[in-house]
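These are the residues of each chain, in order.
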Amino acid sequence: MEPYELIRSRRKTLALEITQDCRVVVRAPQRLSQAKIDAFVSGHAAWIARHLAQQRQRAASRPPAPTPEEIAALKAQARAVLPEKTAQWSAKLGLVPTGVKITSARKRYGSCSGKNSLCFSCFLMRCPEEAIDLVVVHELCHIREKNHGPRFYALLEQALPDWRERKKLLY
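These numbers come from a predicted model, not from an experiment.

Thresholds, definitions, all that
All residue numbers refer to position in the chain's written sequence, counted from 1. Local features are withheld for residues below a pLDDT of 70 in this predicted model, meaning they are given only at 70 or higher, and side-chain atom pairs are given and counted only at 80 or more; totals for whole chains, interfaces and linings count all residues. Excluding hydrogens and water, the side-chain values take into account all heavy atoms of the structure. Labels follow the DSSP assignment, with helices taken as runs of H or I lasting at least four residues and strands as runs of E lasting at least two, numbered in each case from the N terminus. For this measure, only C-alpha atoms enter the radius of gyration; the expected value for a globule follows 2.2 Å times N^0.38, where N is the number of residues. A contact between two residues is defined here by any heavy atoms of the two lying within 4.5 Å. A residue counts as positive if it is Lys or Arg and as negative if it is Asp or Glu; His and the chain ends are not included. For this purpose, a charge sits on NZ of Lys, CZ of Arg, CG of Asp or CD of Glu. Every angle, taken between N-to-C directions, lies between 0 and 180 degrees, and every axis is a line fitted to C-alpha atoms, over only the stretch in contact when it is a helix. Roughly parallel here means an angle under 35 degrees, roughly antiparallel means over 145, roughly perpendicular means 65 to 115, and every remaining angle is called oblique. Two helices that cross are described as forming a left-handed crossing if the nearer one is turned anticlockwise from the farther one by less than a right angle, and a right-handed crossing if clockwise. As a working rule, the residues Ala, Val, Leu, Ile, Met, Phe, Trp, Tyr, Cys and Pro are called nonpolar, Asp, Glu, Lys and Arg charged, and the rest polar, with Gly in that last group. Note on pairing: DSSP must find at least two bridges between two strands before they are called paired.

Draft legend 1. Representation of the overall build of the protein chain in the model. Each helix and strand counted, the protein chain has six helices and six strands in total. Counted from the first residue to the last, the protein chain has its helices and strands arranged as β-β-β-α-α-α-β-β-β-α-α-α. The C-alpha radius of gyration computed for the protein chain amounts to 21 Å, which surpasses the reference 16 Å derived for 171 residues by more than 25%, pointing to a less compact arrangement than a globule. By principal-axis analysis of the C-alpha atoms, the protein chain measures approximately 65 × 35 × 25 Å. Restricting to contacts in the protein chain with at least 6 residues of sequence separation, those with at least 24 account for 50%. Of the side chains in the protein chain, 29 bear a positive and 16 a negative charge, and the two mean positions are spaced by 9 Å.

Draft legend 2. Fine view of the packing of helix H3 (residues 68-93) against helix H4 (residues 129-144). In contact at an axis separation of 10 Å, H3 and H4 are set at 55° when each is read in the N-to-C sense. Classed by the angle they form, the pair H3 and H4 counts as oblique. Read as a crossing pair, H3 and H4 show a hand that is right-handed. Judged by residue contacts, Leu-82, Lys-85, Thr-86, Trp-89, Ser-90 and Leu-93 of H3 engage Glu-129, Ile-132, Asp-133, Val-136, Val-137, Leu-140 and Arg-144 from H4. Here the residues of the contact of H3 with H4 sort into seven nonpolar, two polar and four charged.

Draft legend 3. Highlighting the sheet that holds strand E6 (residues 117-121). On the basis of which strands lie adjacent, the open sheet formed by three strands has the order E4-E6-E5 and mixed pairing. Of all the strands in the sheet, the pair left with one neighbour each is strand E4 (99-103) and strand E5 (110-112). Each neighbouring strand pair of the sheet contributes to a mean axis angle of 15°, computed without reference to strand direction. Running over the sheet, H4 touches E5 and E6 and is turned about 15° from E5.

Spelled out as structure tokens, the structure:
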């Protein structure tokens, strides 16, 4: 049986998770016996092995974590590029953000707050120019349409008819 980390909480069901760093995590109700937890894990051995292998493959193909110096350089580049791009597209689309912020977020390239402030990840600078434009326009479109409904995509399509091809360029 694969070793695992056990997290007990006030939940009613058992859950398995394979983390990005290839750990097996089991979430269990506080009062559930260790024998039942072990039986659950044993019963899912094939699932665990399959998903661990997939996660190890992903981890091997992932680039190494950037150093603080690399992040600082990406942030500087983003501060030089993104506010200007945002202003250009803002003028074209007639959608004005209340502010532009650069972060080191790793899970998303951009976001738009409820108060129309745009946030961009410095890691966006690793992407091609066309993909950067897509993220800027995407977030600007959220100023008018706060969700990903049909009206949002109609607005995005109007601004960037080739947005689907551009999306494929995002890493």
